[in-house]
Amino acid sequence: MVEEGLQAAGYTMLAIDDCWVGGRNETTQELYPDPERFPHGIASLADYVHAKGLKLSIYTDVTTAPCIHGQYPRENETVPGSFGFYERDAQTFANWGIDGVKADFCHAQLPNGSLIDPQVAYPAFARALNKTGRPIYFEACYDRWLNTTSGKPKAGFPPVWDWIHPYANSYRVTDDHHDAFGNTHAKNSLAAEIELNANVAEHSRPGSFGDFDFLTTGGQGCVPAKPPPANGGYPGGGPAGVRCPNMTAAEYRTAFSIWVLGASPLMIDADIRNMSDTQRQILLHPEMLDLHHDPAARGGSRVGVGGCNGATLCDTHVWAKPLAGNATAVGLYNGGHSAAHLSFAFSLLGHGAESRLAVRDVWGQEDLGLSVGQFRTRQAVEPHGTAVLKIFHSAGCVG
């Protein structure tokens, strides 16, 4: 992370996800790491990470077991979650020098048949973290409220942003994201994630942001993608468990664009020891990162659509993210299968038909001058690609 320039660009947290737990000490009730994967323990790893000027995050589950319980990496492996041990686990993490915690919600049913209430569990774990006295970033990975087909809350499940803001620094707003473009009906695909994210990022606020899940950007160090099995399987070209590389450069830029416009945390899912040139160009793009780090800390959302056809979903989206300094970031997403010139009316940003606004191409790092009433891309946007613009609401104020 340091050698590749990621730290200098603002990527400062190294995250350990699921599969690290070895068990719980019967005497002290403290969690301990798998001795094969972490023979020197987590505290020594945290010391090493801190010495590099980075932070370390770890995974747990506020229910009885983590998501991989009994599935991976060893068949029938049983490992505990944090339910019933919130204060003990929070203090253990603090003692190890942990800087962030991702808390999942996968096994909520108790032996008596009752269910753990997320609106009780997450606030309780947040209080336990605060009680340690150590600043710890808290990520609430709770998406069970979401109907991933309709993109709307399930009956009886209030949207997570209605109650999570006081307790979590970030919170999941969609299902898992895998490295496949797929289509709007393909679970876990980028196309489906874009549709699900279209109107949720606007609920983000400074200090508590909607999380779109891991950001996939391809790379050279992961298992190569394979053709889909004969019976269908994983959307977009690879079977379940094969995450990359499985999309085009334009699709990876689109993923990054949507995550930036939505103010989602940028958590890279890749082998950064083997980064490709495309990955570097995307992940280290200075002006895109400036949009993400904008001091207004506002999430954007979809404000317009085009190319709609009856019962099918729309091919083109217009996203808008308010920025500090009287400006707006706009994303023009081409969900179609052909390159196309995309346009949008300034009325979507609250301006009149005669408004003269300055426009900058963010990916291209080029000032495009003034446009009157609307903007149309000079070059066709690639299939599944996204043009990102910076619109200045005072004409002539480009730069």
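Rules used throughout
Residues numbered from 1 in each chain as written. Predicted model: local features only at pLDDT ≥ 70, side-chain atom pairs only at ≥ 80, totals over all residues. Heavy atoms only, no water. Helix = DSSP H or I, 4+ residues; strand = E, 2+ residues; numbered from the N terminus. Buried < 20%, exposed > 50% of the residue type's maximum accessible area, 1.4 Å probe, protein only. Contact = heavy atoms within 4.5 Å. Areas by Shrake-Rupley, 256 points an atom, 1.4 Å probe, with all protein chains shown as cover. 1 Å grid on protein atoms, 1.4 Å probe; cavity = no way out; pocket = protein on both sides within 12 Å on 5 of 7 lines; lining within 4 Å. Points joined across faces, edges and corners; volume = space filled by probe spheres on them. Nonpolar A, V, L, I, M, F, W, Y, C, P; charged D, E, K, R; others polar. Core = buried A, V, L, I, M, F, W, Y, C linked by side-chain atoms within 4.5 Å. Pairing = 2+ DSSP bridges. Axes fitted to C-alpha atoms, helices over the stretch in contact; angles between N-to-C directions. Disulfide = S-S within 2.5 Å. Lys, Arg positive; Asp, Glu negative; His and termini not counted. Salt bridge = Lys/Arg side-chain N within 4 Å of Asp/Glu carboxyl O.

A few points about the overall build of the protein chain
Okay, step 1: A count of helical and extended segments in the protein chain gives eight helices and 18 strands.
Okay, step 2: Across the 399 residues that make up the protein chain, the buried fraction comes to 50%.
Okay, step 3: Across the protein chain, the fraction of contacts at a sequence separation of at least 24, relative to all contacts at a separation of at least 6, is 67%.
Okay, step 4: About 17900 Å² of surface is accessible on the protein chain, with carbon and sulfur atoms providing 50% of the total.

Notes on the layout of surface pockets
Okay, step 1: In this structure, the second largest pocket encloses a volume near 420 Å³.
Okay, step 2: Considering the residues around the second largest pocket, the lining is formed by 18 residues, among which Asp361, Gln379, Ala380, Val381 and Ala387 are closest to the centre.
Okay, step 3: The set of elements that each furnish at least two residues to the lining of the second largest pocket consists of strand 16 (366-372) and strand 18 (386-392).
Okay, step 4: Per-element accounting of the lining of the second largest pocket gives the leading share, four residues, to strand 18.
Okay, step 5: Considering only residue class, the lining of the second largest pocket consists of eight nonpolar, five polar and five charged.

A closer look at the nonpolar core
Okay, step 1: Core analysis: the largest hydrophobic core is formed by 83 residues, its most contacted members being Tyr11, Trp20, Ile42, Ile58, Phe93, Tyr122 and Phe256.
Okay, step 2: Sorting elements by how many residues they give to this core places helix 6 (residues 249-261) first, with seven residues.
Okay, step 3: Setting aside chain neighbours within four positions, we find tryptophan 20 in contact with Leu31, Tyr32, Pro33, Asp34, Phe38, Ile42, Ile58, Tyr59, Phe93 and Trp96.

Considerations on the environment of glutamine 281
Okay, step 1: Tracing the chain through its elements places glutamine 281 in helix 7 (residues 277-283).
Okay, step 2: Glutamine 281 sits 82 residues away from tryptophan 363 along the chain, and the two C-alpha atoms are 9.8 Å apart.

Looking at the environment of alanine 94
Okay, step 1: With respect to the secondary-structure elements, alanine 94 resides in helix 3 (residues 86-96).
Okay, step 2: You can call alanine 94 buried: its relative accessible area is 13%.
Okay, step 3: Alanine 94 sits 51 residues away from alanine 43 along the chain, and the two C-alpha atoms are 9.6 Å apart.
Okay, step 4: Leave out the neighbours within four places in its chain, and alanine 94 touches Thr132, Arg134 and Ile136.

Some details on the sheet that holds strand 4 (residues 55-61)
Okay, step 1: The parallel open sheet is built from six strands, whose spatial order is 1-4-5-6-9-10. Sheet topology places strand 1 (13-15) and strand 10 (209-211) at the edges, where each strand pairs with a single neighbour. The average undirected angle you get between the axes of adjacent strands in this sheet is 25°.
Okay, step 2: Of the strand pairs in this sheet, strand 6 (residues 137-140) and strand 9 (residues 170-172) are connected by two bridges, and their pairing is parallel. The partner of alanine 140 across the bridge, within strand 9, is tyrosine 171.
Okay, step 3: Sheet strands in contact with helix 4 (residues 118-131) are strand 4, strand 5 (100-104) and strand 6, and its direction is about 170° off that of strand 6.

Things to note about unusual backbone geometry
Okay, step 1: Backbone geometry places glutamine 29, a non-glycine residue, at a positive phi of 65°.
Okay, step 2: Relative to the assigned elements, glutamine 29 resides in the loop between strand 2 (21-24) and strand 3 (31-33).
Okay, step 3: A positive phi angle is found at glutamine 365, which is not glycine, with a value near 55°.
Okay, step 4: On the secondary structure map, glutamine 365 appears in the loop between strand 15 (356-361) and strand 16.
Okay, step 5: In this structure glutamine 365 comes out as partly exposed when scored by relative accessible area, which is 39%.

Thoughts on the state of the cysteines
Okay, step 1: With the rule as written, the count across this model stands at one disulfide.
Okay, step 2: The structure places no disulfide on cysteine 141, whose sulfur is separated from the nearest cysteine sulfur, that of cysteine 67, by 6.8 Å.

Comments concerning the sheet that holds strand 11 (residues 301-306)
Okay, step 1: The six strands are arranged 11-12-13-18-15-16 in an open sheet whose pairing can be described as antiparallel. The open sheet is flanked by strand 11 and strand 16, the only strands paired with a single partner. Along the sheet, successive strands turn relative to each other by an average axial angle of 25°, direction set aside.
Okay, step 2: Strands in contact with helix 5 (residues 190-197) are strand 11, strand 12 (316-323) and strand 13 (327-334); relative to strand 12, the strand with the most contacts, it is inclined by about 55°.

Observations regarding the side chain of glutamate 139
Okay, step 1: With respect to the secondary-structure elements, glutamate 139 resides in strand 6.
Okay, step 2: Although glutamate 139 lies buried, it forms no salt bridge, and the closest oppositely charged side chain, lysine 102, sits 4.9 Å away as judged by the N-O distance.
Okay, step 3: Those residues in contact with glutamate 139 that lie beyond four places of it in its chain are Val101, Lys102, Ala103, Ser170 and Asp211.

Focus: the pairing of strand 18
Okay, step 1: Burial runs high along strand 18: six of the seven residues are buried.
Okay, step 2: Summarising the sheet, strand 13 and strand 18 pair through seven bridges and their orientation is antiparallel. Along strand 18, the bridge assignment pairs glycine 331 with valine 388.
Okay, step 3: Examined bridge by bridge, strand 15 and strand 18 share four bridges and lie antiparallel to one another. Paired with valine 359 across the bridge in strand 18 is isoleucine 391.

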